[in-house]
Structure formats: C-alpha cells, structure tokens
Amino acid sequence: MNTKKKISLKWRIFASFSIIMLFILVLLWVCQTVFLNSFYKTVKVYESKQAAQTVADSIGEEDIEYLIAAQSNKHDVSIRVLDSNFQSVYTASQRNARSFFNNIPDSELYTFYEKAAENGGTYSEYFEGFAARVSENKNDARKGSSLTSFVVSKVVTDASGNTYTVIVDTDITPVDSVITTLRVILIFVTVITVLAVLVTALVLSAGLTKPIKKISEKAKELATGDYTVEFEPSSIKEIDELSASLNYTKTELGKIDTLQKELVANISHDLRTPLTLIGGYAEVMRDIPGEITDENLQVIIDETNRLSSLVNDVLDISKFSSGAQQMQFETFDLIECIQGVIPRYNKLIEKDNYRILFEHGALQSAPVYADRGRILQVLYNLINNAVSYTGADKTVNIRLIEEGEVYTVHILDSGEGIPEDKMPYIWDRYYKVDKNHRRAQMGSGLGLSIVKQILDAHNASCGVSSTLGEGSDFWFSLAKNNSEA
Ligand code: ADP
C-alpha cells in the first residue's frame, strides 16, 4: 500500500501559488532595497552622457540654446557650454540648489576643459560629499545635506575652429523620499498580492475539487450497482472528459449487467423446460403401470440431449469469452466434412420429408487448414437453423464454391427470411428475432454467436443475406490450404 501522505488538491494549489507569490515579492523587495540606488545611478549617468553627446553634436547650430534647454529638461541635468575663454555661453539648470555647478566658482570650470582635453576629448567624474546650497524652495529637505553629482565634460570644435567645452552635471544622490514612497507602495502591493493569491487559490481549488468530489460520490453510487447515475458535464475540459468516460463506462456496465441478468433468466428458463418434462415423464412412468413405453423414454432421452447441448453451448460461449478455448488446426477436406454431416439428418429426411442438398460443382476436394471439430459445429448450427426455419418445400441447399483464395460454404433455406433491421443482432448472444417462433422457443439463441466466435478464431469471414418471404443465405469462407492443394 502506498503510505506516502496524500496532500489535497486545495493545499497543492495554495502551496504552488504561495511559492510563486513569495518568489515575486522577494524579487521586488530585493530590487527595491538593494538595487534601486545602483539602477538610479546607472540610468542617470547614461542620460548625462547622452545629453553631453547631443549638445556636443549640435554646437554651431542655430537653435542650440533651445536644444540645450530641452536636453536639460528631458534628462533632468544642468548644462554649461564654455567658449575658448572659459566663459559660459549657454546655461541650462535643473534643481539649482543641488547642482554641483553651484559649488564650484565659474573661474574653475576651465579645469573640466583641461581634464577632457587630456583625456581625448571626454571626461567624467563623480563628486561626493558636497553640500546643497539653500534652494529657493524652502521645503527642500535636502538642503545642506551631503550630495553626489556626476559631471561629464566634452571638448568640441565648431566649423569656424572655435573650441567649446560642454559640461553636463547630474545629481545622482539617492532620492530618499522616492525610496520611502516606493517602500510604502511595495508593502501595499505585498498585502494586496497575498490577499489576491489567497482568494484565487481558494476559488480555483474549490472550482476544481467540487466537481471531482461530485464525480467521486457518483462513482461510489455506480459501484453499488446503480446504473442510473449521471456524471455531469463540467466547464473544465479534463473533468468533462472524465465525466464522459465514466458515463460511457456506466452505460457499458449497465449493458453487461442487463445481459448477465438476461443470461441467468434465459438459462434458467431454458433449463427448466426440459427438466420439467424429464421430471414429469419419469414420475408418470414410476406411478402409472404400463407407462414405461419406448415413446416416453424417448422423450426423456431427447430432453436430456437438449439439456446437454444447451449446457455445452453455454460452456462454449464462456470458454470463448474467457479466451480459454484452444483451437486444434489440421488439414482436412471440406467436401468430405460436409458430406459427413448430412447423414446425421437422415432420420429427419425420412420422417418429415426434409431435403438437404449439397452441390460442389466440379470441385473434387476442398482442403482447408482449420479446427475440424469446430467447423463441424458451425455446419451443424447453420444447418439446424436452416432446417428449422426453412419454408414449406422443406429444402435446405448447401453450396460450396471456390472464390480466389477461399472456399465459401452457403447454407440456403426457403423460409421467411430475416427482417433487415434485425440482421445485425442475430449474431448476438441470446438474440431471437421472433421469440414466439416454434423453433426459437426450442433454441437458446446462442448458436449463431458460437458460429461467429469459431469463425473469428479462424480469421474467417461470414455473413448472411436474406429476403423476406424468400429465405436466407448464411455463408462462411475458409482459406484454402495451398500447401496441400
Ligand atoms: P437459436 O438457437 O435461437 O436458433 P441462433 O443464434 O442460432 O439461436 O439464431 C438467432 C436468431 O436468428 C434465431 O432466433 C432466429 O430468429 C434467427 N435465425 C437464425 N437462422 C435463421 C434462418 N435460417 N432463417 C431465419 N431466421 C434465422
């Protein structure tokens, strides 16, 4: 037995959701707390460099002043452009109080030219720990605090040979108030996510477990033999498929159950009739002197034979069903085999003027490789049926013909025939077209089912064609035994 502890679907879903949620939240927190500063710094540095490059590329253009102001606004940077005398020709500032430019006298700005010129035209440097100047905004909480700036300078020469120095300054001090706001948002997001995950997991698991539980309850009802249970369709595809399969199983089990009940009813009915006769005749012979006649004894013998053939039929059927039936193949002549069967009907032929005619054309022999005993059984069953159902001419024709690789045996009668809509069922166990037919009352309804199973075991085809009022033609084909031919 599997002793591993079983976890319910509900908890499984909940646990999976929680793990994903935890992962996302941890990722968010780490990004916010650990990497926010470096993200911020990287972005600002990149933007400053972009702005410096754009301004440097546009020196000498007419709208340079407008462009510098636009770059300053766009990237939130302060920009200075110095001419060859290190005088500011263009200025665009952002957040003046925190700008590094405010902490360095204009007279020293030339150092950026020198550093850039030494460094191949471009120079950048971080300035940390300078104090913000008093801003116009009295509420700027950061005035006087320690700031960090990133300054990039570029030396450019315009078309007329004038040298300019572009200096871009960005405040990259982490913005604490933004971080605090983000943290509050993060806490808010965390709470909302936890609640959302909880609710979603509960709704989802309830939606999944409810139909499964229902199916399980119905399956238990089915197990008790209630074949009327209906497994309801579901909007979940897999559960719907499970329901459909169980409905199919239920229908099939129901059929088997009905068949089994019919089987018991049929067999008990079929057994009771001969047993009553045997019992009745035996009692009469015991109680009434002079009743021990040959006729009465014959009734008992006939009924005993009927009983044993019925029991044999039932046994055959169950052997075929369980696969226990072994075939014993041998090579024999089908013509000889059929000729051997006909004398069994001699008594019938003499007494009731039946005629059983066998035609095999020009064929002298018809060797086949099959189970002789079982093929005899097929012939008896088909001929018995033909004799029983044939019409007033009391004639049964057996015809053997050669068709390519097979020999086909036709057993024809001139009886009422079989209605078209009943044809597919006559091979079923216990099926009788007309239960009130004289012969059907005697028969077990197993004959054709046995015939079909024997021929299936030979991979042989069989069939029937019938015209109402004109008779039936039951046929089967056996492969030729070429090695012997
Ligand atoms: P049974 O023992 O009742 O004859 P079978 O399985 O041999 O059972 O036949 C099934 C049913 O097929 C019969 O009850 C009968 O209604 C029909 N049937 C079989 N053979 C013939 C035939 N030659 N002509 C008309 N009906 C037939």
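Caption draft 1: View of the packing of helix α1 (residues 9–58) against helix α2 (residues 64–75). Across the interface, α1 lies against α2 with an axial gap of 10 Å and an inter-helix angle of 175 degrees. Put simply, α1 runs roughly antiparallel to α2. Facing K44, E47, A51, T54, V55 and S58 of α1, the residues of α2 in contact are I64, L67, I68, Q71, K74 and H75.

Caption draft 2: Region of the structure containing the environment of D257. Note on placement: D257 falls in helix α5 (residues 237–287). What makes D257 buried here is its relative accessible area of 18%. For the pair D257 and S466, spaced 209 residues apart in sequence, the C-alpha separation works out to 32 Å.

Caption draft 3: How the structure looks around the sheet that holds strand β10 (residues 406–413). Within the open sheet, the five strands sit side by side as β7-β9-β10-β12-β11. Their pairing is mixed. Edge strands, defined here as strands with exactly one partner in the open sheet, are β7 (355–359) and β11 (462–467). Each strand of the sheet is rotated relative to its neighbour by a mean of 15 degrees, with strand direction disregarded. By the bridge criterion, six bridges tie β11 to strand β12 (residues 471–479) in an arrangement that is antiparallel. Its bridge partner being in β12, T467 is matched across the sheet by G471.

Caption draft 4: Geometry of a negative patch on the surface. Taken together, D57, E61, E62 and D63 make up a surface patch of like negative charges. With respect to the helices and strands, the residue E61 is situated in the loop between α1 and α2. Owing to a relative accessible area of 41%, E61 belongs among the partly exposed residues under this scheme.

Caption draft 5: Highlighting the pattern of salt bridges. Summed over all chains, the structure comprises 16 salt bridges. A salt bridge links K261 to D257; its shortest N-O distance comes to 2.8 Å. Of the two residues, K261 and D257 are both situated in helix α5; the distance of four residues between them amounts to about one turn of the helix. A residue is classified by how much of its surface remains accessible, and K261, at 56% relative accessible area, is exposed. The salt bridge partner of D287 is R286, with a shortest N-O separation of 2.8 Å. R286 gets classed as exposed once you look at its relative accessible area, which sits at 64%. Each of K214, K218 and E232 takes part in one network of salt bridges that share partners.

Caption draft 6: Quick look at the side chain of N296. Tracing the backbone through its elements, the reader meets N296 in helix α6 (residues 294–322). With near-sequence residues (within four places) excluded, N296 lies in contact with Y281, M285 and E291.

Caption draft 7: A look at α1. At F35, α1 is deflected by roughly 70 degrees, the largest bend along its length. Remark: G60 follows α1 within two positions and exhibits a positive phi of approximately 100 degrees.

Caption draft 8: Main features of the site of the ligand. Around the ligand sit 17 residues, and of these N385, D413, V433, G445 and L448 come closest. Within the contact set of the ligand, an oxygen atom lies 3.4 Å away from a side-chain nitrogen or oxygen of Y389. Contacts to the ligand include L448, whose backbone N or O atom sits 2.7 Å from an oxygen atom. Look at the ligand: alone it shows 530 Å² of surface, and the protein chains cover 97% of it. Only α9 (372–389), α11 (447–457) and β12 provide two or more residues apiece to the shell around the ligand.

Caption draft 9: Local environment of the domain arrangement of the protein. For the protein, the assigned domains are domain 1 (9–30 + 182–218), domain 2 (35–174), domain 3 (225–322) and domain 4 (326–479). Here the C-alpha centroids of domain 3 and domain 4 sit 24 Å apart. For the pair domain 3 and domain 4, the two sides together bury roughly 1300 Å², of which 59% comes from carbon and sulfur. The largest share of the area that domain 3 buries against domain 4 comes from R306, I317 and F320, three residues that together contribute 44% of it. For the pair domain 3 and domain 4, the interface holds one salt bridge. For the salt bridge of R374 with D316, the shortest nitrogen-to-oxygen distance reads 3.5 Å. At the surface where domain 3 touches domain 4, the tally comes to one residue pair in polar contact (both at pLDDT 80 or more). Of all the elements in the fold, those that place two or more residues in the side of domain 3 that touches domain 4 are α5 and α6. Among the elements that make up the side of domain 3 that touches domain 4, the one with the highest residue count is α6 (eight residues).

Reading the values: rules and limits
- Counting of residues starts from 1 at the beginning of each chain's written sequence and follows it residue by residue.
- Where totals are concerned, whole chains, interfaces and linings use all residues; where local detail is concerned, this predicted model gives features only for residues with pLDDT of at least 70, and gives and counts side-chain atom pairs only at 80 or more.
- Excluding hydrogens and water, the side-chain values take into account all heavy atoms of the structure.
- Note on method: axes are straight lines fitted to C-alpha atoms, helices fitted across the in-contact stretch only, with angles between N-to-C directions ranging 0 to 180 degrees.
- Each helix is a run of DSSP H or I of at least 4 residues and each strand a run of E of at least 2, with the numbering of both proceeding from the N terminus.
- An angle below 35 degrees is read as roughly parallel, one above 145 as roughly antiparallel, one from 65 to 115 as roughly perpendicular, and any other as oblique.
- Whether two residues are in contact is decided by their heavy atoms, any of which lying within 4.5 Å being enough.
- The buried label goes to any residue with under 20% of its type's maximum accessible area, the exposed label to any with over 50%, and the partly exposed label to all in between, with areas taken from a 1.4 Å probe on protein chains only.
- Here, any two strands with at least 2 DSSP bridges between them count as paired.
- Patch membership requires over 30% relative accessible area and the absence of a salt bridge. Like charges are linked within 9 Å, and nonpolar side chains (Val, Leu, Ile, Met, Phe, Trp, Tyr) within 5 Å.
- A 1.4 Å probe and the Shrake-Rupley method give the accessible areas. Residues count as covered only by the protein chains that appear here.
- The rule for a salt bridge is simple: a side-chain nitrogen of Lys or Arg has to be within 4 Å of a carboxyl oxygen of Asp or Glu.
- For this count, His and the chain ends are skipped, Lys and Arg are scored as positive, and Asp and Glu as negative.
- Charge positions are represented by NZ for Lys, CZ for Arg, CG for Asp and CD for Glu.
- Bend at a residue means the angle formed by two fitted axes: the first through the 7 residues ending at that position, the second through the 7 residues beginning there.
- Only heavy atoms are used to decide nearness, and a residue is near a molecule or strand if one of them lies within 4 Å of it.
- Definition of a polar contact: a pair of N or O atoms within 3.5 Å, with one able to donate and the other able to accept a hydrogen when the atoms are protein atoms, and with sequence-neighbouring residues admitted only if both atoms are side-chain atoms.
- Bear in mind that the domain bounds are from an automatic or database domain assignment.
- Two parts lose some accessible area (1.4 Å probe) when they are put together, and adding that loss for both gives the buried area.

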